[in-house]
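# Structure at a glance
Chain by chain, the residues:
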Amino acid sequence: MSDHYYSEKPTTKSSQKKISENILNHSFTFQVDRGVFSREGLDYGTRLLIETFRSPEVEGKIADVGCGWGPIGISLAYNYSERHIVMVDINERSVFLSQQNAQLNKVSNVSISQNNLLNGFKEGSFAAILTNPPIRAGKDVVFAIYEQADRMLMNHGELWVVIQKKQGAASTKQKLEELGFELTVENKQKGYLIFRGKKIDSSD
């Protein structure tokens, strides 16, 4: 079976390189590698998600699900130093790169672990969850992220998702509405949509 960026243990030969990315007017340095998502640099959708995101009103931790080599979590850790950022990825090479990149960029308000989505985390743990979901892993995996977010977010917490219109934006919208999120489209550019789903308990 060929490697994918969502493989647990990539067998593609490692070939690290260092890149620089300007994110939210700050220059970051990242190590990237083969066998991970977007090894050539920050992809358009992820950049749009980072630039569109706003810190939620509720206090608490922020999760970066499918962190890859770390651009979302590390840039948020830098810009929201009062928040703790939890970064997870199933790909061990991605986790190793994110750990390296947190050190390279001198951010300490992060925890990075190899994990299958948010399995094992306590319900109501997060004020916000961000994801550029692994579309190629299939709809079941993508929808599992949304279902977990519904459980893992505290009341008034927010799920932020970037997705291309041609790769399932309509089904994402339907699924998030079915789960009861208060849904808005926060940005739309070049075929990419940024959804923000706010969790509202039925008791409110």
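Anything mentioned here points back to the structure above.
These notes cover the structure that comes with them. (Residues numbered from 1 in each chain as written. Predicted model: local features only at pLDDT ≥ 70, side-chain atom pairs only at ≥ 80, totals over all residues. Heavy atoms only, no water.)

### So, the packing of helix H1 (residues 44-52) against helix H2 (residues 71-79)
Across the interface, H1 lies against H2 with an axial gap of 10 Å and an inter-helix angle of 25 degrees. The angle between the axes of H1 and H2 places the two elements in the roughly parallel class. In this structure, H1 crosses over H2, and the sense of that crossing is right-handed. Packed against H1, whose contacting residues are Thr46, Leu49 and Ile50, the element H2 presents Pro71, Ile72 and Ser75 at the interface. Across the contact of H1 with H2, the residue classes break down as 4 nonpolar, 2 polar and no charged. (Axes fitted to C-alpha atoms, helices over the stretch in contact; angles between N-to-C directions. Helix = DSSP H or I, 4+ residues; strand = E, 2+ residues; numbered from the N terminus. Parallel < 35°, antiparallel > 145°, perpendicular 65-115°, else oblique. Left-handed = near helix turned anticlockwise from the far one by under 90°. Contact = heavy atoms within 4.5 Å. Nonpolar A, V, L, I, M, F, W, Y, C, P; charged D, E, K, R; others polar.)

### Side note on the packing of helix H4 (residues 139-152) against helix H5 (residues 169-178)
For the pair H4 and H5, interaxial distance at closest approach is 10 Å and the crossing angle is 35 degrees. As H4 runs across H5, the sense of the crossing is right-handed. Together, Lys139, Phe143, Tyr146 and Glu147 of H4 and Ser171, Thr172, Lys175 and Leu176 of H5 make up the contact between the two elements. Partitioning the contact of H4 with H5 into residue classes produces 3 nonpolar, 2 polar and 3 charged.

### Looking at the sheet that holds strand E8 (residues 182-189)
Backbone-to-backbone hydrogen bonds pair the strands of a sheet. The strands run either parallel or antiparallel. Strand order in the open sheet made by the 7 strands is E5-E4-E3-E6-E7-E9-E8, with mixed pairing throughout. Either end of the sheet is taken by a strand with one partner, and the two such strands are strand E5 (110-114) and E8. Adjacent strand axes in the sheet meet at a mean angle of 15 degrees, parallel and antiparallel pairs treated alike. Note that strand E3 (residues 61-65) and strand E4 (residues 85-89) share 4 bridges and pair parallel. Looking across to E4, one finds that Ile62 is bridged to Ile85. In the packing of H1 onto the sheet, the strands contacted are strand E6 (126-131), strand E7 (153-164), E8 and strand E9 (192-198), and the crossing angle to E9 comes to about 40 degrees. Sitting on the sheet, H2 is in contact with E3, E4, E5 and E6, with an inclination near 170 degrees to E4. (Pairing = 2+ DSSP bridges.)

### Structural notes on the pairing of E8
In regular strands, side chains alternate between the two faces of the sheet. Sheet topology places E8 next to E9; 7 bridges connect them, and they run antiparallel. Across the sheet, the residue bridging to Lys188 is Leu193, located in E9. Linkage of E8 to E9, two consecutive antiparallel strands, is achieved through a turn of 2 residues, within which Lys190 is found at a positive phi near 50 degrees.

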